[in-house]
Amino acid sequence: MKRNHASGIFVFAVAVCLGTVAAGVAWNGKIFVSNSKYLENVRNPAAIRNAFDYSQFEGEPLKIRSLKRLITGAQVVAHQSQVGIELGHFVTKGEGGRGQLACEFYNRVSLQFEGEGVFEFGEKPVMTVEAPCQVSSDINRIETIWIPHVRLMTENREPARTIEATYQDMAQVHFKFDHMTSVWPREWTLVSVRLYSDLSPGREVSISKTEIASIVDDPFTIKF
């Protein structure tokens, strides 16, 4: 009887511990809210750098740090027929004032680029990419957002003025091109980044072309 009672206590204790892990992840005595599905592929969920924890800020100071982290942590990843963009990830002030992973507080990313070297009627081509905001295997980075440029250009050899595309193998990713010419731009400059939630209207943070220029010395460009 005592053995069964002890076993019951042990099972209960394990269940409580697991529940705590599912609700939040701690490091250096701090807790940030985390949905465990985002951490399935994360090698070390406690490895996010303290320097990227902005949960103690709010208002404009929080916005400035968040946007700066997105851009200064950005990098381009080239892979055969597609090019990828990785953005810096961080911890923001979430619901109830608790720290929360940015990609759990916001669930979508919007990237806007301007085509270089080709324009008509005084307008540059514009590419907008809407994608899920997901945590990378390195929790300090947002999961790579891929642009299948070879596929896009092959399917639209003579671009229409406006092009929209989605692909079954790229779930919840949407591509839109505006002010296109008869020639595809081969170089694109990032002019806007927006994190937002399509589940909570009004929950968003964005950075403009001017703000990007004030953060980085050189334009952030990708090539097709």
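Preceding this section is the structure that the text describes.
Residues numbered from 1 in each chain as written. Predicted model: local features only at pLDDT ≥ 70, side-chain atom pairs only at ≥ 80, totals over all residues. Heavy atoms only, no water.

(A) A look at the overall build of the chain. The helix and strand inventory of the chain stands at 5 helices and 14 strands. The 224 residues of the chain split such that 46% are buried. By sequence separation, contacts in the chain at least 24 residues apart represent 62% of the contacts at least 6 residues apart. (Helix = DSSP H or I, 4+ residues; strand = E, 2+ residues; numbered from the N terminus. Buried < 20%, exposed > 50% of the residue type's maximum accessible area, 1.4 Å probe, protein only. Contact = heavy atoms within 4.5 Å.)

(B) Seen up close, the pattern of salt bridges. The full count for this structure, using the stated rule, is 9 salt bridges. Across the salt bridge formed by glutamate 86 and arginine 141, the nearest N and O atoms sit 3.0 Å from each other. Placement of glutamate 86 in strand S4 (residues 82–86) and of arginine 141 in the loop between strand S8 (126–132) and strand S9 (145–147) is noted, with a sequence separation of 55 residues between them. Considered together, glutamate 86 and arginine 141 belong to a single accessibility category, that of buried residues. The shortest N-O distance in the salt bridge between aspartate 169 and arginine 151 comes to 3.0 Å. Separated by 18 residues along the polypeptide, aspartate 169 in the loop between strand S10 (163–167) and strand S11 (170–178) and arginine 151 in helix H4 (residues 149–155) bring together distant segments of the chain. Look at arginine 151 and you get partly exposed, because its relative accessible area is 28%. Each of Glu114, Glu116, Lys124 and Lys209 takes part in one network of salt bridges that share partners. (Salt bridge = Lys/Arg side-chain N within 4 Å of Asp/Glu carboxyl O.)

(C) Structural detail: the state of the cysteines. Counted according to the given criterion, the structure contains 1 disulfide. A sulfur-sulfur distance of 2.0 Å marks the disulfide that ties cysteine 103 to cysteine 133. Residues cysteine 103 and cysteine 133 are joined through a disulfide that is left-handed, its torsion about the S-S bond being -70°. Of this pair, cysteine 103 sits in helix H3 (residues 102–105) while cysteine 133 sits in the loop between S8 and S9; the two residues are 30 residues apart in sequence, bridging distant segments of the chain. (Disulfide = S-S within 2.5 Å.)

(D) Layout of unusual backbone geometry. Although it is not a glycine, glutamine 80 sits at a positive phi angle of roughly 50°. By the element assignment, glutamine 80 lies in the loop between strand S3 (75–79) and S4. Despite not being glycine, glutamine 172 shows a phi value in the positive range, around 65°. Considering the arrangement of structural elements, one finds glutamine 172 in strand S11.

(E) Local environment of helix H2 (residues 59–72). Taking 1.5 Å per residue as the helical rise, H2 with its 14 residues ought to reach 20 Å, and the 20 Å between its terminal C-alpha atoms agrees with that figure. By the burial criterion, the buried members of H2 are Leu62, Ser66, Leu67, Arg69, Leu70 and Ile71. Tucked inside the fold, the buried residues of H2 contact strand S5 (91–93), strand S12 (187–196), strand S13 (204–207) and helix H5 (209–215). (Expected span 1.5 Å × (residues − 1).)

(F) Up close: the sheet that holds S9. On the basis of which strands lie adjacent, the open sheet formed by 3 strands has the order S3-S4-S9 and antiparallel pairing. Whereas interior strands pair on both sides, the edge strands pair on one side only; in this sheet they are S3 and S9. Strand after strand, the sheet turns through a mean of 25° between neighbouring axes, direction not considered. (Pairing = 2+ DSSP bridges. Axes fitted to C-alpha atoms, helices over the stretch in contact; angles between N-to-C directions.)

(G) Spotlight on the environment of arginine 203. Mapping arginine 203 onto the fold places it in the loop between S12 and S13. For arginine 203, a relative accessible area of 18% translates into the label buried. For the pair arginine 203 and tyrosine 106, spaced 97 residues apart in the sequence, the C-alpha separation amounts to 7.2 Å. When sequence neighbours within four positions are dropped, the list of residues in contact with arginine 203 reads Glu95, Phe105, Tyr106, Leu195, Tyr196 and Ser197. Here phenylalanine 105 takes part through its backbone oxygen, which lies 3.0 Å from a polar atom of the side chain of arginine 203. (Polar contact = N/O pair within 3.5 Å; in protein donor to acceptor, adjacent residues only side chain to side chain.)

(H) How the structure looks around the pairing of S13. Only one face of S13 is covered, namely the face carrying Val205 and Ile207; the face carrying Glu204 and Ser206 is uncovered. Strand direction decides the pairing type here: S12 and S13, joined by 4 bridges, are antiparallel. Across the sheet, the residue bridging to tyrosine 196 is glutamate 204, located in S13.

From the geometry alone we can't say anything about function, so treat these as descriptive.
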